[in-house]
Amino acid sequence: MKILIEREPLMNSIQNVMKAISSKTTIPILSGIKLEANDQGVKLTGSNSDITIESIIPVEEDGIVNIHEMVPGQIVVQAKFLPEIIRKLPDHQVEINVDSDLNLQIKSGHAEFKLNGQDAEEYPQLPVLQTDNSFDLQIDLLKMLIRQTNFAVSVSETRPILTGVHLKLENDLLELVATDSHRLASRKITMNDSEQLTFNNVVIPGKSLSELNKILDETQETIQVSVTDNQILFRTKNLYFLSRLLDGNYPETSRLIPNQSKTVVKVDSKELIESIDRASLLAKDNRNNIVKLVTKGQNTLQITSHSPEVGQVEETLETDSIEGEDLKISFNAKYMIDALKAIDSDQVSINFTGAMRPFVIRPEEDDEQILQLITPVRTY
Amino acid sequence: MKRKGRIIFHVDMNSFYASVEMAYRPELKGKPVAIAGNPEERRGIVVTSSYEARARGVKTTMPLWQAYEHCPELIVLRPNFNRYREASKHIFSILSEATPFVQPVSIDEGYMDLTDYVGEENPIEFAHKLQQRILNELDLPCSIGIAPNKFLAKMASDMKKPLGITVLRKREIKHTLWPLDIGEMYGVGQKTAEKLKRIEIHTIGDLANKDVLTLKNLLGINGERLHQRANGIDNRPVDPDAVNEFKSIGNSTTLPYDMTDLTNIYKTFDQLSKKVAERLKYKNVVTENIQIMIRYHDRKTITRSKQLQDFIETKEEISGWAKRLFQQHWNEEPVRLLGVTAQHLTPKNELSKQLDLFNYEQEAEKEKLYLAMDQMKEKYGDEVFIQLRDPEPNISTSFQKDFLSEYKTEEKGSDS
């Protein structure tokens with residue numbers, strides 16, 4: 001095997017597949033990157049038991065030549081040193097040679113590395129995904145869906161199913177839900193061409209989605225999503241991202257969302273974030289990062305926080321309107337800030353149903369597409 | 001509480017270290033003995049001494065050279081702390097056979113609450129038996145004070161030494177307590193005594209009859225407290241867990257036989273967790289860290305703990321985590337002893353609870369009640385509501401001082 005390749009696309013591909021490689025793998029060969037050269041280009045593969053990523057560097061793309069010379073072949077290289085080696089090579093081109101004894105030679109400019117490779121035949125065969133359950137999404141939209149939900153997954157293994165984002169497609173409506181049982185993030189989008197495709201209880205590990213989000217560039221190109229019983233595949237022209245799905249039944253979350261409210265507050269999102277952020281400066285010291293919100297007359301909110309050892313903070317915030325019953329409620333400031341940032345709307349509407357019940361935040365021009373739910377903190 | 005009064009014992013070992021040494025070496029009995037840090041050096045200081053030495057003028061904290069001046073034939077010994085700890089362990093195990101409510105204060109003294117435990121017996125006779133038992137079994141003398149509260153019991157045990165038993169009734173304090181010099185009062189140190197004497201308080205009686213405000217101005221909150229004590233008032237409970245002030249609460253038990261079957265092991269965890277949960281409730285605290293102890297048939301002992309995301313308090317939660325820990329760490333060998341400890345405790349009134357989306361209804365149901373309580377608190381202050389405590393908690397306790405819990409688990413094991 002031999003390739004003469006541009007360093008930059010090679011570096012990008014390495015960084016992409018590195019997202020799947022764990023230094024703590026139980027299968028030794030998976031601590032390596034598989035390099036494969038054939039007529040289409042050079043393909044890199046990285047995998048752990050949960051995620052497999054393949055990144056393809058085409059010989060030529062958009063008139064730019066990535067690969068100048070090639071003799072087909074394949075090899076597995078230790079992933080630990082490869083990224084740093086490639087990054088620090090002196091020349092913009094890299095020559096990689098593999099001999100029949102699995103010795104790998106990397107040349108660039110006057111630098112030359114010799115590495116021991118491993119036989120690519122020993123690298124596990126990746127499952128070929130067979131499914132008709134596929135749909136297309138625009139990449140920037142997928143990234144937004146991930147950003148708006150994935151932060152709310154549970155980080156605790158107490159209920160493993162909650163460490164994932166639930167994906168549901170029904171009647172052309174795709175819904176993503178994440179909850180750590182304290183707050184819930186939900187985002188829906190209407191699909192135009194899902195062709196009666198229906199699935200439910202597809203739970204993607206939160207970690208997979210955050211890695212996917214890192215790899216994907218903010219573009220309007222499409223990505224194909226294919227779902228099977230236990231795996232999900234995201235595929236673009238040059239990327240193949242396969243993730244295990246979580247086992248188990250995702251709880252029915254629609255019943256958790258209150259359908260009535262007793263107090264409705266409409267407020268400028270940015271002002272609310274800033275105000276809560278200030279209050280939480282002192283709250284960070286207390287256990288649940290608690291801030292307290294109290295409705296006052298003349299459409300104002302009072303936001304306070306105190307920490308027994310540190311001190312207290314109080315501020316008032318003008319809202320657009322407050323309707324309904326008076327309210328005093330305490331909640332985790334971080335949950336509120338996360339939710340408001342995810343909604344990413346100028347004005348939000350917050351619907352409360354009492355101090356001990358979850359409240360709902362939506363954009364004020366309610367299009368029912370995004371919703372954030374937060375359960376309050378009970379103070380004693 | 002409906003009861004007339006509590007029965008509190010203060011058990012105080014008489015010149016403990018010296019007595020322990022004499023129990024080990026009976027030939028020392030009747031001789032002036034002192035325990036000192038460095039007997040070889042004349043600069044050493046007397047830690048404690050026998051009554052014979054005291055009679056000759058030897059006093060605690062006296063430099064050795066001075067002690068020798070008072071008593072040239074003084075026998076000076078190096079302290080042997082392992083012996084004292086061992087003896088202490090035995091003493092407290094004897095005390096805890098009488099009642100679970102034993103609060104060790106130091107290595108050689110402790111309080112007991114016998115209100116519910118003397119039964120038909122006269123407390124004085126009971127004290128005699130206890131004193132005799134410690135003397136017979138351990139060859140150690142103690143004095144016992146009997147009173148309706150800790151302060152009076154402490155003062156009482158001090159009145160007759162060695163081997164005294166003193167009852168101090170509240171109605172008697174005018175005659176017994178009040179004439180005493182203010183410096184004799186427990187809780188009044190040298191500095192406080194000087195301050196009090198400056199405002200013409202020379203006896204405990206003077207203190208009892210002084211107005212609270214003056215005392216408060218002089219000594220702060222402690223002034224008020226001392227005033228109450230001088231009047232025979234002290235509501236502090238005898239608290240077996242006070243030793244380690246809210247650090248952990250745990251129970252352990254030696255199994256009737258070495259177990260390997262999960263059903264019985266889990267049953268044991270349920271029982272232990274129930275006790276821990278009861279004690280958490282009694283102390284009004286919650287935990288966020290559960291530890292288990294497994295002692296195997298060969299006495300190899302491991303402890304494993306789990307830091308939790310949330311505070312827990314119920315027996316189901318505690319035993320759930322205990323079992324999970326057990327599953328993870330059990331090596332399938334026969335188990336001799338199991339223990340469950342709740343660690344990292346937080347008083348309930350200092351915490352908040354993040355509600356859970358899936359079960360917030362439990363809390364929400366009570367919202368109106370909480371709201372009404374809040375309003376009343378705002379109006380009348382935080383003191384309107386206090387958590388009712390079961391006046392007679394049916395609680396089995398294990399002592400956190402490890403020498404005690406060790407002893408007890410051994411003891412239970414050999415009983416069964």
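Please read all numbers here as calculations on a predicted model, not as lab measurements.

**Things to note about the interface of chain A and chain B**
So, point 1. Across the contact, 30 residues belong to chain A and 21 residues belong to chain B.
So, point 2. In this assembly, chain A and chain B are joined by one salt bridge.
So, point 3. Of the charged contacts in the structure, one is a salt bridge between Arg357 of chain A and Glu361 of chain B, with a shortest N-O distance of 3.4 Å.
So, point 4. Where chain A meets chain B, there are seven residue pairs in polar contact (both at pLDDT 80 or more).
So, point 5. When residues of the side of chain A that touches chain B are traced back to their parent elements, those giving at least two are β15 (183-190), β25 (328-332) and β29 (377-379) of chain A.
So, point 6. Broken down by element, the side of chain A that touches chain B gets its largest block of residues, three residues, from β29 of chain A.
So, point 7. Among the residues making up the side of chain A that touches chain B, the classes are represented as 13 nonpolar, ten polar and seven charged.
So, point 8. Pairing of β29 of chain A with strand β13 (residues 352-354) of chain B, which is carried by three bridges, proceeds in the antiparallel orientation. Within β13 of chain B, the residue paired with Thr379 of chain A across the bridge is Ser352 of chain B.

**Some points on the packing of aromatic side chains**
So, point 1. The final tally for this structure, using the stated rule, is ten aromatic pairs over all chains.
So, point 2. One aromatic cluster is present, formed by Phe331, Phe352 and Phe359 of chain A through successive ring pairs.
So, point 3. Here the guanidinium or amino end of Arg54 of chain B rests over the ring plane of Tyr51 of chain B, the centre of that ring lying 4.8 Å away.
So, point 4. When the ring centre of Tyr186 of chain B is taken as origin, the NZ or CZ atom of Lys154 of chain B, which lies over that ring, is 4.8 Å away.

**Comments concerning a negative patch on the surface**
So, point 1. A grouping of Glu60, Asp62, Asp217, Glu218 and Glu221 of chain A is seen on the molecular surface, where their side chains present a negatively charged patch.
So, point 2. Locating Asp217 of chain A in the fold gives a position in the loop between α4 (206-215) and β17 (222-227).

**Description of the pattern of salt bridges**
So, point 1. Taken as a whole and assessed by the stated rule, the structure comprises 35 salt bridges over all chains.
So, point 2. Between Lys161 of chain B and Asp12 of chain B there is a salt bridge whose closest N-O contact spans 3.3 Å. One end of the pair, Lys161 of chain B, is in the loop between α6 (150-157) and β8 (165-167); the other, Asp12 of chain B, is in strand β1 (residues 8-13), with 149 residues separating them in the sequence.
So, point 3. Of the residues examined, Asp12 of chain B reaches a relative accessible area of 8% and is grouped as buried.
So, point 4. Between Asp139 of chain B and Lys29 of chain B there is a salt bridge; the shortest N-O distance is 2.6 Å. Taken as a pair, Asp139 of chain B in the loop between α5 (123-138) and β7 (142-147) and Lys29 of chain B in the loop between α1 (16-24) and β2 (33-36) lie far apart in primary sequence, 110 residues in all.
So, point 5. Note on Lys29 of chain B: relative accessible area 41%, which makes it partly exposed.
So, point 6. Linked by salt bridges that have partners in common, Lys34, Glu36, Lys43 and Glu54 of chain A make up one network.

**A word on the sheet that holds strand β28 (residues 370-374) of chain A**
Residues and elements named next belong to chain A.
So, point 1. Strand order in the open sheet made by the nine strands is β16-β13-β14-β15-β28-β27-β26-β20-β24, with antiparallel pairing throughout. Unpaired on one side and paired on the other, β16 (199-205) and β24 (321-324) mark the two borders of the sheet. Taking each pair of neighbouring strands and ignoring which way they run, the sheet shows an average axis angle of 15°.
So, point 2. Alignment of strand β26 (residues 347-352) against strand β27 (residues 359-363), held across four bridges, turns out to be antiparallel.

**Quick notes on the pairing of β25 of chain A**
All names here are of chain A.
So, point 1. By the criterion of burial, β25 is predominantly enclosed, with four of the five residues buried.
So, point 2. Relative to β25, strand β21 (residues 290-296) is paired through five bridges, and the arrangement is antiparallel. Pairing of Ile290 across the sheet is with Asn332, part of β25.

Calculation notes
- Residues numbered from 1 in each chain as written.
- Chains lettered and ligands numbered in written order.
- Predicted model: local features only at pLDDT ≥ 70, side-chain atom pairs only at ≥ 80, totals over all residues.
- Heavy atoms only, no water.
- Contact = heavy atoms within 4.5 Å.
- Salt bridge = Lys/Arg side-chain N within 4 Å of Asp/Glu carboxyl O.
- Polar contact = N/O pair within 3.5 Å; in protein donor to acceptor, adjacent residues only side chain to side chain.
- Helix = DSSP H or I, 4+ residues; strand = E, 2+ residues; numbered from the N terminus.
- Nonpolar A, V, L, I, M, F, W, Y, C, P; charged D, E, K, R; others polar.
- Pairing = 2+ DSSP bridges.
- Phe/Tyr/Trp six-rings, centres within 6.5 Å; stacked < 30°, edge-to-face > 60°.
- Lys NZ or Arg CZ within 6 Å of the ring centre and 35° of its normal.
- Patch = residues over 30% accessible without salt bridge, like charges linked within 9 Å, V, L, I, M, F, W, Y side chains within 5 Å.
- Areas by Shrake-Rupley, 256 points an atom, 1.4 Å probe, with all protein chains shown as cover.
- Lys, Arg positive; Asp, Glu negative; His and termini not counted.
- Charge placed at Lys NZ, Arg CZ, Asp CG, Glu CD.
- Buried < 20%, exposed > 50% of the residue type's maximum accessible area, 1.4 Å probe, protein only.
- Axes fitted to C-alpha atoms, helices over the stretch in contact; angles between N-to-C directions.

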